Amino acid sequence: MTDKSRHHASRLILDRRELMKGAAALGIGFGTSGVLGEPARAADAPRKGGTLRIGMEGGSASDSLDPRTFADSIAETVAYQIYNGLVEIGEDGKAKGELLESWEAKPGAVEWIFNVRKGITFHSGKTLDADDIIYSINLHRGDTKSAAKDVLSDITDIKKLSPTQIQIALSKGNLNLPYNLSDFHIYGVPNGLTDFAKPDGTGAYKLVSFEPGVRAVTQNSGHYWKEGRGNFDGVDLQYIADATARMQALLAGQVDAINRIDPKTVDVITASPDTQIVQTRGTGTRYCFAALCDTVPYDNLDTRLALKYGIDRKKIVDTVYMGYATVGNDTTISPMNPYFDKDLPQRPYDPDKAAFHYKKAGSPKLELKVSEGAFSGATDAGVLYQEAMKQAGIDLTVTRVSGDGYWSNVWLKVPFCAVAWQNRPAVDMQLSQTYLSDAAWNDTHWKRPEFDRLVIAARTEADETKLHETYNQAQKMIHEDGGMICYAVGDYLDGYSKKVAGVAPHPRFDMCDLRVAEKAWFAA
C-alpha cells in the first residue's frame, strides 16, 4: 500500500479549556487508518447472537483479573468485557462519560465535580453509586502496587456529595484528570470487592472461566445498559502468543479476531476472501530499548549517545515492520500527535558518531536482553541493532530471554532491555508515567527535576502556544539526555473475519480500544 492510497483523518487539537466542563479533544490524531481488504457488508444495525472467538498476544500464566496488576492487553480485554471504565475514550479521540457521566472543574482545575451515571446495576444486582466509584478510585491510591497510582497521585481527597455525585480535590491543578481516570487499570467495581477471581461488574459480559495463559470465557449478562453494544452471546478468548499461529487460526476460521499481526503477513490476510485488517497508523506500540540511566555503563551519557547513533531505525522499520510503522526519535510521543516536536532533529544512524561516543565512554561491555514477550519483532530488531553497531566497531551482545513472565522478571530489573509502550490518551500521561522521576514505570531511571517541573506546569497551561513550547522542551530533554531508544512507533494491525462488523480504528489501543467484544457484532 502506497502513501498516496492512504486516507488521512484530520488531527484532533486539544482545547484545554473544554476540559473544564464535559469532555474534550484528546490531543492525538490518526494518520493512515482504515480497513485493508474489502470489508464485509455490515448489517444496518447491530445484530445479537453468536460467540466471538478471539486469539490474542499480550498475556502470560501470571495474569490476574485484579486491575491493579494489569501490564498487557489480554487481562485488559477481559476486564472491558466484565467491567466499565469511569471515563471512555471515543473513536474520535475525545474523552466521554462512562460510569462517570459528566464532570466540571472549578477555576484552576484543583477541585472537580463528577456525576455518577444513574440506573446502572452490577451483575450481582447492586445499583452503582458514589461509594462504588470512590472505592474503585481508591484501589489505586495510597498503599497499592497499581500502576495507576502515579496518574492519581495528585488526588488529596474524594468526597461523596450525594449517592450520584462526588467531589475530587487535587494538590495542584490538572486539566488532564478526566483522561487520567480513563487509565486502563481503573474500572468500576462494587464497594468492598476484594476477590477479583470472582469479579462483579457492570459490563456486557459475566465471567465464566479464566485460566491465565490459556483462555478466558465470558457470557452475555443479558441486560447491558449501552444501546447497540454487548451483542454477542459470549466471548471465548484464547492466548495465542505466536503471530504465525494467530494468523493461521484466523485464516482457518478457528477464531474471528486477532491482534498484533506480523506486518510480513498483511498481504496473506488481505488476499483471503474471508478476512480483513483494521489499521491505525502511527499511534500504536512504541518499540523501544530502555537503558537504566543509574546503572553502569548506561549512567554515562556518551554510552547512551553511542546507543542512539548506533541504531538504524529506518532499516528496522522497513525490514521488521515492512513499513507499517513510523521511525521513532527516542521519545514515546507519536509523530502523529499534534504536540510532537516537529522541529526536533531526527537522530540519524551515524556509525562514526556512535564509535566516537563509545570510545569516549571507555568502550564498555553492552548487553541487550530481548524477548518476543516484550513485543513481536523484538528479537529481529535486536539482531539488526547488533549488526548496525558492528559497523561502528561496537560489540553489542543480544540475549534472547523467555517471554513468560517478562514484565515481572526482566523489565525494570535488567540494565538494558526491550520494552513496548502503548499509547496514552494525553501527552501528560505519556510523559508522566514514563519519565517523571518518581513514576513507578520510569523504566530508564532517568530523573531530572527540571523535566518534572515542566510536565507539572503544563497540566494547568491553557495557552496553546505556551503548552507546545513546554512539551517541546520536555521532548528535547528526553531526546538529548534520556535512556530510551524509541526506534519506531508501530501501526495497530488487527485481523478479523469478514463476518465481524462494527470494528474500526481507535486512537488509543488496538482491538477497538480493547473493547471489540463490547462494540462488534456478526453481520448477516
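Data block above holds the structure.
Below you will find a few notes about this structure. What you see is a predicted model, and the numbers here were worked out from it, not measured in a lab. (Residues numbered from 1 in each chain as written. Predicted model: local features only at pLDDT ≥ 70, side-chain atom pairs only at ≥ 80, totals over all residues. Heavy atoms only, no water.)

1. Quick word on the layout of surface pockets
Convention followed: Method remark: on a 1 Å grid restricted to protein atoms, a set of points is classed as a cavity if a 1.4 Å probe fits but cannot get out and as a pocket if it is open with protein on both sides within 12 Å along at least five of seven lines; lining residues have an atom within 4 Å of a point. Grid points are joined across faces, edges and corners, and a volume is the space filled by probe spheres set on the points. Going along the chain from the N terminus, every DSSP run of H or I of four or more residues is numbered as a helix, and every run of E of two or more is numbered as a strand. Gly is put with the polar residues, along with every residue not named as nonpolar or charged; the nonpolar set is Ala, Val, Leu, Ile, Met, Phe, Trp, Tyr, Cys and Pro, and the charged set is Asp, Glu, Lys and Arg.
Taken as a whole, the largest pocket encloses approximately 870 Å³ of empty space. Taken together, 44 residues make up the lining of the largest pocket; nearest its centre are Ser-60, Ser-62, Asp-63, Ala-71 and Trp-407. If you tally residues by element for the lining of the largest pocket, the top one is helix H10 (residues 406-409), at three residues. Class assignment of the residues belonging to the lining of the largest pocket gives a composition of 19 nonpolar, 14 polar and 11 charged. Within this model, the second largest pocket holds a volume of roughly 690 Å³. Mapped onto the lining of the second largest pocket, the elements with two or more residues apiece are helix H1 (73-82), helix H4 (243-251), helix H9 (378-390), strand S18 (416-421), strand S20 (492-497) and helix H14 (510-514). When residues of the lining of the second largest pocket are assigned to their parent elements, the largest contribution, three residues, is made by S20. Looking at the lining of the second largest pocket residue by residue, the classes come out as 21 nonpolar, eight polar and 14 charged.

2. Details of unusual backbone geometry
Formally: Each residue's exposure class comes from its accessible area (1.4 Å probe, protein chains only) as a fraction of the maximum for that residue type: buried when under 20%, exposed when over 50%, partly exposed otherwise.
Pro-297 follows Val-296 through a cis peptide bond whose omega is 0°. As for its placement among the helices and strands, Pro-297 is situated in the loop between strand S14 (286-291) and helix H6 (301-309). Its identity as a non-glycine residue notwithstanding, Arg-260 has a phi of 50°, on the positive side. Within the element layout of this structure, Arg-260 appears in the loop between strand S12 (257-258) and helix H5 (266-271). Positive phi, normally seen in glycine, also occurs at Leu-514, with a value near 65°. Examined against the element boundaries, Leu-514 turns out to sit in helix H14. Residue classification places Leu-514 among the buried residues on the basis of a relative accessible area of 1%.

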